[in-house]
Amino acid sequence: MPVTDLLERNHKLYGDEVALVELNPLMKDTRKTTWKEYDLVQQTSPVAYRREITWSVFDEKANRVANMLLGRGIKKGDRVAILMFNCLEWLPIYFGILKTGAIAVPFNFRFSADEIQYCADLAQVHILFFGSEFIGRIESIADELQKGRLLIYVGDGCPTFAESYRELVADCSSQAPLVRLEEEDDAAIYFSSGTTGFPKAILHNHESLSQAAQMEQKHHLTSRDDVFLCILYAGSKAVLLKGTTPEIILDAVSKEQCTIVWLLVPWAQDILAALDRGDIKLEDYKLDQWRLMHIGAQPVPPSLIRRWKQYFPHHKYDTNYGLSESTGPGCVHLGLDNIDKVGSIGIPGYRWSCKIVDENGNEVKQGEVGELCVKGPGVMTCYYNDPKATAETLKNGWLYTGDMAMQDEDGFYFLVDRKKDVIVSGGENIYPVQIENFLSAYEKVQDVAVIGLPDSRLGEITGAVIQVKDGMECTEEEINEYCQKLPRYKRPKKVIFAEVPRNATGKIEKPALRKKYGAEHLVAQQNLA
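Residues numbered from 1 in each chain as written. Predicted model: local features only at pLDDT ≥ 70, side-chain atom pairs only at ≥ 80, totals over all residues. Heavy atoms only, no water.

Trainee: Hey, could you run me through the environment of Ile 82 in this one?
Mentor: Along the chain, Ile 82 turns up in strand 4 (residues 79-83). Sequence spacing of Ile 82 and Ile 152 is 70 residues, and the spatial spacing of their C-alpha atoms is 9.5 Å. The contacts of Ile 82, once residues within four sequence positions are left out, are Trp 90, Ile 93, Tyr 94, Ile 97, Val 105, Pro 106, Phe 107, Leu 128 and Phe 129. (Helix = DSSP H or I, 4+ residues; strand = E, 2+ residues; numbered from the N terminus. Contact = heavy atoms within 4.5 Å.)

Trainee: I would appreciate a short explanation of the packing of aromatic side chains in the present structure.
Mentor: Any two aromatic rings considered together are summarised by their centre-to-centre distance and by the angle between their planes. One pass over the structure, following the stated rule, counts 17 aromatic pairs. Relative to Phe 95, the ring of Phe 58 lies with its centre 5.8 Å away and its plane at 90°, an arrangement referred to as edge-to-face. Of this pair, Phe 58 sits in helix 2 (residues 55-71) while Phe 95 sits in helix 3 (residues 90-99), and the two are 37 residues apart along the sequence. For the pair shown, Phe 58 and Phe 95 are each scored as buried. A ring pair is formed by Phe 129 and Tyr 165, whose centres lie 6.1 Å apart and whose planes are at 80°; its orientation type is edge-to-face. Of the two residues, Phe 129 sits in strand 6 (residues 127-131) while Tyr 165 sits in helix 7 (residues 165-169), which places them 36 residues apart along the sequence. (Phe/Tyr/Trp six-rings, centres within 6.5 Å; stacked < 30°, edge-to-face > 60°. Buried < 20%, exposed > 50% of the residue type's maximum accessible area, 1.4 Å probe, protein only.)

Trainee: I would appreciate a short explanation of the sheet that holds strand 14 (residues 316-323) in the present structure.
Mentor: Sheet strands pair via backbone hydrogen bonds, and the direction of the pair is either parallel or antiparallel. Read from one edge to the other, the open sheet built from 5 strands follows the order 12-13-14-15-16, with strand pairing classed as mixed. Strands with a single pairing partner mark the edges of an open sheet, and in this sheet they are strand 12 (260-264) and strand 16 (347-348). Note: strand 15 (residues 328-333) against strand 16, 2 bridges, orientation antiparallel. Following the sheet pairing, Val 332 is matched in strand 16 by Pro 348. (Pairing = 2+ DSSP bridges.)

Trainee: Help me understand helix 4 (residues 113-122) in this model?
Mentor: One turn of an α-helix holds 3.6 residues; hence residues three or four places apart share an orientation. Three or more residues of helix 4 are buried, namely Ala 113, Ile 116, Gln 117, Cys 119 and Ala 120. Buried residues along helix 4 sit against strand 4, helix 5 (135-140), helix 6 (142-145) and strand 9 (186-191). Two residues or fewer after helix 4 comes Gln 124, characterised by a positive phi angle close to 55°.

Trainee: What is the right way to look at the pairing of strand 26 (residues 459-468) in this model?
Mentor: Strand residues, when the strand is regular, have side chains that alternate between the two faces of the sheet. Within strand 26, 7 of the 10 residues are buried, which leaves the element mostly enclosed by the surrounding structure. Looking at chain direction, strand 25 (residues 445-455) and strand 26 are connected through 10 bridges and run antiparallel. Looking across to strand 26, one finds that Asp 455 is bridged to Gly 459. Strand direction decides the pairing type here: strand 26 and strand 27 (residues 494-497), joined by 4 bridges, are parallel. Each bridged residue has a counterpart across the sheet, and for Ala 464 the counterpart in strand 27 is Val 495. For the handedness criterion, the β-α-β arrangement of strand 26, helix 14 (residues 476-482) and strand 27 is classed as right-handed. (Right-handed = clockwise from strand over helix to strand, strands pointing away.)

Trainee: Where do I start with the packing of helix 10 (residues 265-277) against helix 11 (residues 302-311) in this structure?
Mentor: Each packed pair of helices is defined by two parameters, the angle between the axes and the distance between the axes. The geometry of helix 10 relative to helix 11 is characterised by a closest axis approach of 11 Å and an angle of 50° between their N-to-C directions. Considered as vectors, helix 10 and helix 11 are oriented oblique to each other. Between helix 10 and helix 11 the crossing geometry is left-handed. Between helix 10, through Val 265, Ala 268, Gln 269, Ile 271, Leu 272, Ala 273, Leu 275 and Asp 276, and helix 11, the contact on the second element is made entirely by Leu 304, Arg 307, Trp 308 and Tyr 311. When grouped by side-chain class, the residues that make up the contact of helix 10 with helix 11 number 9 nonpolar, 1 polar and 2 charged. (Axes fitted to C-alpha atoms, helices over the stretch in contact; angles between N-to-C directions. Parallel < 35°, antiparallel > 145°, perpendicular 65-115°, else oblique. Left-handed = near helix turned anticlockwise from the far one by under 90°. Nonpolar A, V, L, I, M, F, W, Y, C, P; charged D, E, K, R; others polar.)

Trainee: Mind showing me how you'd approach the environment of Ser 173 here?
Mentor: Residue position: Ser 173 is located in the loop between helix 7 and strand 9. As a C-alpha pair, Ser 173 and Asn 63 span 110 residues in sequence and 7.1 Å in three-dimensional space. Apart from the residues within four sequence positions on either side, Ser 173 is in contact with Asn 63, Arg 64 and Asn 67. A polar contact is formed between the side chain of Ser 173 and the backbone nitrogen of Gln 175, at a distance of 3.0 Å. (Polar contact = N/O pair within 3.5 Å; in protein donor to acceptor, adjacent residues only side chain to side chain.)

Shown next, in the form of structure tokens:
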């Protein structure tokens, strides 16, 4: 079904129930005017604000956006971009775009001005919605962006180079537009969260988006009693949170009575570190209702989950594997009752199939390492306007992920590493994730990235970039001693103490690390020679 049908269904069934809550603990609400009757601001503290809307208001807002866009000439297949932080306006704008038959194109909030321009051109965007946080970036490229495009500003104090969202939608009809949609219709373009270079534009249809919502409900038994981020299929409430400090996260879980919480690895690490230091105390929060800790977007160190269960022994735990090309996480998932398989990414998700292949595309034997391929209703349609990249990634309906994996005797998949991150040292394949999982269990390690460094004799050697926990000191000798438990060929040959950079989805920016420390290592080798 078209994903917009889920919103319209929830409007009919649960119209007066809360659909979305926006929490901003870092910003005081100073607005004096509201958008018609739909701004339901509730002041909760001198330094925070909270807003909420019901399912009926959510759907009506989306309809207003859709009718405004149709009035501005947007038609089926056109591209409309969104560059905004999490807020109550984001999802109604997104669904309003979809209701016109146009393609929604969310931009990453970390995009530089050059990346915004590049992605707008790549996706051939007709209209761009943007928030107040991005005025500077948009203004610097406004002359180019405005060529054939409409810029719509969402917020107070509209800049002169844009039109005001509030003024444009205020008098538009709240009735659903008469646009026929099919699940095969194009729906969204997402950009790959690569850690170097410009991203690819990934095209998905409505079936792909509906699959993501339905899969979440199946995997985690989500009901309307849950409070969670992925809410459409179950009709449950979603909390949109600005700020990811341990205090902000736990306060939101406590006050909004969240039952399912999505975390990235760095956020979970920060919560555990704050608990270890005594900066936060669990008894200060109401957390009994929190039933599931969900984590993903990158390999999850088993030691992190073991530590988490010490503080939260009653929590169910799940991890989902996925990528933008598969509509995000879920094509492989661990499952709520498989805690004994911590370290695995799990088994094929709802309506998904998996296989592991060698360099020639032949399936490998169970227990052998190869490239993970996935197939299901959430696979992308293509890389937009890039047939060459599409042909390299999509083969006979299978999505070649670029991730190296193996399957154990019970059918569970284990992520070994990114294909491009495998270190080849003296002809031996070394998989960094395995070493990272080992090092992350050391009590002084906050975060770690293992990379290949150029070596004149072996081709590459293993380097470990280690971020030490706040307030602790660690030496190379300690790390080397700890690593004696590893096979000799897996032991890091160089230890670097530094911050581990991660992108917006929590992935380690290994290309940046290789570029920086690889060059330094080459200079050091040359000086020794």
